[in-house]
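Observations on the three-dimensional arrangement
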Amino acid sequence: MDLAQLLPLIGIPLVVAGFALRFNALLVVLVAGAVTGLCAGIAPLALLELFGEKFMASRSLAVVVLLLPVMALVERHGLREHAQAWVGRLRGASTGRLLMLYYLLRQGTAALGLTSLGGPAQTVRPLLAPMAEGLAVHRHGPLPPALRERILAHAAACDNVALFFGEDIFIAFGAVLLIHGFMLQSGIPVAEPLVIGLWAIPTALCAAIVHLARLSRLDAQIAAAMPAEPSTWEAA
């Protein structure tokens, strides 16, 4: 294998290096794709046309671009504050219980193919994270920055883990169809998409048990991490 065949693979170390250096993910992918295309001998105009075709084929990207300013507008008009105030009036609610409920709802809806009902931009950032933080503030007072970031991380993890393991159960999910097509083309005895989806259920259940067990201890961990003196809260 000569150098000309290996040269297009330069995009892989570019992606790894860009993510390791914490550069903008979209910029890293675009640069790596452009370098890979040029090394493969694609003309610049043809490469630009290819980028445009792939972008138009993935119209969900445009939906995300439109979604972000909408969420920023509703946040500016007090969505986060209203969410925190509303959840603070719920009796018996806590940060851990809220996140456990969201996890179950998110994984259940993802298993039914309703993956757009939640998400980091439209649900976690404007609603779930402020509500989880508001419940902790309501119980313990102002939070230290490190503890606040930990609660926000748990809120984001709930959405990501539940979606990742829930969507594999849906028989029309892309990964399920990819497995089915690969088995078909490779001459492997083909399993129907329904069977592949059913085999994903044990993994989803194990993920739910592990994650819900972690969330069940979250309230105690928040209480243990709070400073002992109120004066420390104010200083933080």
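Shown above is the structure to which this text applies.
As the structure is a computational prediction, the values presented were derived from the model and not from experiment.

Cut-offs and rules
- Residues numbered from 1 in each chain as written.
- Predicted model: local features only at pLDDT ≥ 70, side-chain atom pairs only at ≥ 80, totals over all residues.
- Heavy atoms only, no water.
- Helix = DSSP H or I, 4+ residues; strand = E, 2+ residues; numbered from the N terminus.
- Buried < 20%, exposed > 50% of the residue type's maximum accessible area, 1.4 Å probe, protein only.
- Contact = heavy atoms within 4.5 Å.
- Areas by Shrake-Rupley, 256 points an atom, 1.4 Å probe, with all protein chains shown as cover.
- Core = buried A, V, L, I, M, F, W, Y, C linked by side-chain atoms within 4.5 Å.
- Axes fitted to C-alpha atoms, helices over the stretch in contact; angles between N-to-C directions.
- Parallel < 35°, antiparallel > 145°, perpendicular 65-115°, else oblique.
- Left-handed = near helix turned anticlockwise from the far one by under 90°.
- Nonpolar A, V, L, I, M, F, W, Y, C, P; charged D, E, K, R; others polar.
- Patch = residues over 30% accessible without salt bridge, like charges linked within 9 Å, V, L, I, M, F, W, Y side chains within 5 Å.
- Salt bridge = Lys/Arg side-chain N within 4 Å of Asp/Glu carboxyl O.
- Polar contact = N/O pair within 3.5 Å; in protein donor to acceptor, adjacent residues only side chain to side chain.

Attention shifts here to the overall build of the protein chain. The secondary structure content of the protein chain amounts to 13 helices and zero strands. Counting every position in the protein chain, which comprises 236 residues, the buried fraction comes to 29%. Looking at the protein chain alone, contacts between residues at least 24 apart form 67% of all its contacts between residues at least 6 apart. As displayed, the protein chain has an accessible area near 14900 Å², and 71% of this comes from carbon and sulfur atoms.

On to the nonpolar core. Counting 25 residues, the largest nonpolar core has Leu99, Tyr103 and Leu128 as its most contacted members. The set of elements that each furnish at least two residues to this core consists of helix 7 (95–111), helix 8 (120–140), helix 9 (145–166), helix 11 (193–216) and helix 12 (218–225). Ranked by residues supplied to this core, first place goes to helix 8 with seven residues. Each residue touching Leu128, except ones within four places of it in the same chain, is listed here: Leu98, Leu99, Tyr102, Thr123 and Ala155.

Despite not being glycine, Arg22 has its phi angle at roughly 60°, a positive value. Looking at where Arg22 falls in the secondary structure, it is placed in the loop between helix 2 (11–20) and helix 3 (25–39). A relative accessible area of 77% places Arg22 in the exposed class.

Attention now moves to the packing of helix 7 against helix 9. At a minimum axis distance of 8 Å, the contact between helix 7 and helix 9 shows a crossing angle of 25°. As judged from the angle between their axes, helix 7 and helix 9 are roughly parallel. Regarding helix 7 and helix 9, the two cross each other, and that crossing is right-handed. Contact with helix 7, carried on its side by Thr95, Leu99, Tyr102, Tyr103, Arg106, Gln107, Ala110 and Ala111, involves Ile151, His154, Ala155, Cys158, Asp159, Val161, Ala162, Leu163, Phe165 and Gly166 of helix 9 and no other residues of that element. A breakdown of the residues in the contact of helix 7 with helix 9 according to their chemical character gives twelve nonpolar, four polar and two charged.

Moving on, we come to the side chain of His211. Following the sequence through the fold, His211 ends up in helix 11. His211 gets classed as buried once you look at its relative accessible area, which sits at 5%. Ignoring any residue separated from it by four or fewer positions in sequence, one finds His211 in contact with Tyr103, Ala157, Cys158 and Val161.

Let us look at a nonpolar patch on the surface. Taken together, the side chains of Ile171, Leu194, Leu198, Ile201 and Leu205 define a hydrophobic patch exposed on the protein surface, amounting to about 440 Å² of accessible area. Mapping Leu194 onto the fold places it in helix 11.

Let us look at the side chain of Ser94. By the element assignment, Ser94 lies in the loop between helix 6 (79–88) and helix 7. According to the relative accessible area criterion, Ser94 is buried, its value standing at 1%. A distance of 2.6 Å separates polar atoms of two side chains, one belonging to Ser94 and the other to Asp219. When sequence neighbours within four positions are dropped, the list of residues in contact with Ser94 reads Leu135, Arg139 and Asp219.

This next bit is on the environment of Glu149. Structurally, Glu149 can be placed in helix 9. Residues Glu149 and Ala129, spaced 20 residues apart in sequence, show a C-alpha to C-alpha distance of 9.9 Å. Within the structure, the side chain of Glu149 is placed 3.4 Å from the side chain of Arg148, a separation counted as a polar contact.

So, about the environment of Gly141. By the element assignment, Gly141 lies in the loop between helix 8 and helix 9. Look at Gly141 and you get buried, because its relative accessible area is 13%. The spatial distance from the C-alpha of Gly141 to the C-alpha of Met226 is 9.0 Å, given a sequence separation of 85 residues.

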